[in-house]
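# Chain and residue survey
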Amino acid sequence: MECRLLYVVGQLGLGGLERQLFYLIRSMDRARYKPVVAVWGDSSDDHYARELRALNVPVVRLGQSSTRWAKLRALSSLVSEIQPEVIHSYTFYTNIAVWWSVQGTRTLPIGSVRGNFIMDYRQVGKVFGKLCGRWPAAQVFNSITAEQNARETTTFFRPRRCYVVRNGIDLELFSPRPHAQRGYILAVGSMYPVKRWDRLIRAVAFLTSKGMQFEVLHVGSGPLQQQLERMVKNLCLEHVVRFLGARHDIPTLIAGAEFLVHTAEAEGCPNVIMEAMACGRAVVATSAGDSPFLVEDGLTGFVVAKEDEVAFADRMKTLLEDRELCFQMGAAGRKKAVDSFGLDRLRSEVFAAYRAEGWKDT
């Protein structure tokens, strides 16, 4: 198996970072760079494994090994066998494994932070969080906010060299379409506590109590689904909020929406905000992660302080009552997406980070 670029990822299910890895590999000259993807976890969801294999990209599963150390040995053996020029960890918790696997080789290790640095640090665990935060010495962040968090961390266990490369999106797949006669409000994201969909439900309850009529569609799944469904039922909002579960037709769903809402407590560089803007849709978002850098408040949508649920509901009300403003913000969002969110930019900035670390792109 020939390989110049080896990517290590936790899993290849239908997630944001997995989509970004797929975009990066799809956008590169694969005959030239010969990418290979190694999967650390053992999730049965392999949506992007199928997509990558369709591009003739080898996908190697390390998760069949029973223990972390067995997986580490399998990764080290893979590195010795295919001798990649660069190995890039695409999930925070595989950073230290990637660094360890190249010891005694000439392979260049690169780490990743693809969310909130402090949260990732804590979730991985006290020991491994420190190790993954420190090694590899060079790490690619997908958000300015996460990079700032890392720099403000006063401990020894943080990367010595940080590169910020924001996510990219497929501007042809996510393209503007005419607004429906009567659209809905769209929310997209997993049902985990950090996404704070309870904020959205309370905002909806407030607006409906004022006599406003609209519909909210939520796309995503997760452990809080039953809790959120009970909350909707207890507030008598079953006729307003619909949970669609995981879906593969996000561009079509965005096309049918009036605007997008995003209520997260912590974020990296949220794909769905970029996708909505590329589709010409306004966004109402909390000030989590890089949302304030993506959404220009008052121009392409509204950014609201995370704890200010009254202001969030008010911005939703503004867009529901002023469709012309909603359209104008959507058009401005599309322009920004074309200027800043493309896949060529994603690839060139990632490769620039590799070269800055000594990679010879021959």
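It should be noted that the structure appears before, not after, this text.
Let me sum up the structure you'll find in this document.

Definitions and limits used
Residues numbered from 1 in each chain as written. Predicted model: local features only at pLDDT ≥ 70, side-chain atom pairs only at ≥ 80, totals over all residues. Heavy atoms only, no water. Helix = DSSP H or I, 4+ residues; strand = E, 2+ residues; numbered from the N terminus. Buried < 20%, exposed > 50% of the residue type's maximum accessible area, 1.4 Å probe, protein only. Lys, Arg positive; Asp, Glu negative; His and termini not counted. Salt bridge = Lys/Arg side-chain N within 4 Å of Asp/Glu carboxyl O. Axes fitted to C-alpha atoms, helices over the stretch in contact; angles between N-to-C directions. Parallel < 35°, antiparallel > 145°, perpendicular 65-115°, else oblique. Contact = heavy atoms within 4.5 Å. Nonpolar A, V, L, I, M, F, W, Y, C, P; charged D, E, K, R; others polar. Pairing = 2+ DSSP bridges. Core = buried A, V, L, I, M, F, W, Y, C linked by side-chain atoms within 4.5 Å. Arc of directions from axis to C-beta. Phe/Tyr/Trp six-rings, centres within 6.5 Å; stacked < 30°, edge-to-face > 60°. Right-handed = clockwise from strand over helix to strand, strands pointing away.

Mapped onto the elements of the fold, R114 is located in the loop between β5 (108-113) and α6 (117-124). One buried charged side chain, R114, makes no salt bridge at all; its nearest oppositely charged neighbour is E18, positioned 8.0 Å away.

Here we come to the packing of helix α1 (residues 16-27) against helix α16 (residues 343-356). For the pair α1 and α16, interaxial distance at closest approach is 9 Å and the crossing angle is 90°. With respect to α16, the axis of α1 lies roughly perpendicular. Across from Q20, Y23, L24, R26 and S27 in α1, the residues of α16 making contact are L343, L346, R347, V350 and Y354. Counted by class, the contact of α1 with α16 contains six nonpolar, two polar and two charged residues.

This part is about the pairing of strand β1 (residues 5-9). β1 sits mainly inside the fold: five of its five residues count as buried. Neither face of β1 is exposed, since L5, Y7 and V9 on one face and L6 and V8 on the opposite face are all buried. Direction of pairing for β1 relative to strand β4 (residues 86-89): parallel, over a ladder of four bridges. Residue V8 lies in a different strand from β4, and its bridge partner there is S89. As judged from the four bridges shared by β1 and strand β2 (residues 36-39), these two strands associate in the parallel manner. Directly across from Y7, in β2, lies its bridge partner V37.

The next thing to look at is the nonpolar core. Counting 61 residues, the largest nonpolar core has L5, Y7, L12, V37, L186, F351 and Y354 as the members making the most contacts within it. Ranked by size, the runner-up nonpolar core spans 34 residues in total, among them I185, W197, M212 and M231.

Right, let's get into the pattern of salt bridges. Applying the stated criterion across every chain yields a total of 25 salt bridges. One salt bridge in this structure joins D361 and R32, with 3.3 Å as the shortest N-O distance. One end of the pair, D361, is in the segment after α16; the other, R32, is in helix α2 (residues 30-33), and 329 residues separate them in sequence. Judged by its relative accessible area of 36%, R32 falls in the partly exposed class. Within the structure, one salt-bridge network assembled from shared partners comprises R196, D198, R199, R202, E265 and E309.

The strand order across the open sheet built from six strands is β10-β9-β8-β11-β12-β13, with neighbouring strands paired in parallel fashion. Whereas interior strands pair on both sides, the edge strands pair on one side only; in this sheet they are β10 (241-245) and β13 (301-304). Between one strand and the next, the sheet's axes are offset by a mean angle of 20°, whatever the strand orientation. As paired strands, strand β9 (residues 216-219) and β10 are joined by four bridges and run parallel to one another. The residue of β10 that forms the bridge with L217 is R242.

Glancing now at the sheet that holds strand β6 (residues 138-141). Across the sheet, seven strands lie side by side as β3-β2-β1-β4-β5-β6-β7; this open sheet has parallel pairing. Looking at which strands have only one partner, the edges of the open sheet turn out to be β3 (59-61) and β7 (161-164). Taken pair by pair, the neighbouring strands of this sheet meet at an average axis angle of 25°, ignoring direction.

Among the residues making up α6, those that are buried are F117, D120 and Y121. One side of α6 carries all its buried residues, which in axial view fall inside an arc of 100°. Exposed side of α6, more than 90 degrees from the buried face: R122 and Q123 are the residues found there. Where α6 is buried, its residues meet β5, α7 (126-134), β6 and α8 (144-152). Where α6 terminates, the next one or two residues include G125, which has phi positive at roughly 115°.

All right, on to the packing of aromatic side chains then. For any two aromatic rings, the description comes down to two numbers: the centre-to-centre distance and the angle of the planes. Following the criterion strictly, the structure yields twelve aromatic pairs and no others. With a centroid separation of 6.3 Å and 40° between ring planes, the pair formed by F22 and Y23 is classed as tilted. Between F156 and F157, the aromatic rings sit 5.2 Å apart at their centres with planes inclined by 85°, giving edge-to-face as the arrangement. These aromatic residues form a ring-pair network of at least three members: Y33, F351, Y354 and W359.

For the rest of this paragraph, the subject is the pairing of β5. Taking burial as the measure, the six residues of β5 include six buried ones, the bulk of the element. Alternating positions in β5 separate into two faces, L108, I110 and S112 on one and P109, G111 and V113 on the other, with burial throughout. As paired elements, β4 and β5 share three bridges and run parallel to each other. Residue I87 lies in a different strand from β5, and its bridge partner there is P109. On the question of chirality, the crossover connecting β4 to the parallel β5 by way of helix α5 (residues 95-101) is right-handed. Here β5 pairs with β6 via three bridges, running parallel. Bridge pairing in β6 places S112 opposite V140.

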